[in-house]
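Here's the letter readout for the chains.
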Amino acid sequence: MAWKLEDDRPIYVQVVEIMRNRIIAGQYSPGDRLPSVRDLALEAGANPNTIQRAFRMLEDMGLVTTNRTNGK
């Protein structure tokens, strides 16, 4: 089910807020693997590029770390 995103604010900002709230609420514990960009984009009903932008912001905030892999 798609998230309820508002038209009056940028979607990536709303995604950051939702993910930050989930982290603070303990839905994701330290060391947990977050959903992939594609999976989160499907869940949110948003473009994967928007989700990637939100992940970069969360990383800049120190809330997540990105572990880039080669896909193997």
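Let me sum up the structure you'll find in this document. (Residues numbered from 1 in each chain as written. Predicted model: local features only at pLDDT ≥ 70, side-chain atom pairs only at ≥ 80, totals over all residues. Heavy atoms only, no water.)

On inspection of all chains with the given rule, the structure shows 3 salt bridges. For the salt bridge of arginine 9 with glutamate 6, the shortest nitrogen-to-oxygen distance reads 3.7 Å. Ionic pairing is found between glutamate 43 and arginine 22, a salt bridge with its closest N-O pair at 3.0 Å. Of the two residues, glutamate 43 is situated in helix α2 (residues 37–44) and arginine 22 in helix α1 (residues 11–24); the sequence distance between them amounts to 21 residues. A relative accessible area of 16% places arginine 22 in the buried class. (Salt bridge = Lys/Arg side-chain N within 4 Å of Asp/Glu carboxyl O. Helix = DSSP H or I, 4+ residues; strand = E, 2+ residues; numbered from the N terminus. Buried < 20%, exposed > 50% of the residue type's maximum accessible area, 1.4 Å probe, protein only.)

Let us now look at the environment of proline 48. For proline 48, the position within the fold is in helix α3 (residues 48–60). Filtering out sequence-adjacent residues up to four positions away, proline 48 remains in contact with Val37 and Ala41. (Contact = heavy atoms within 4.5 Å.)

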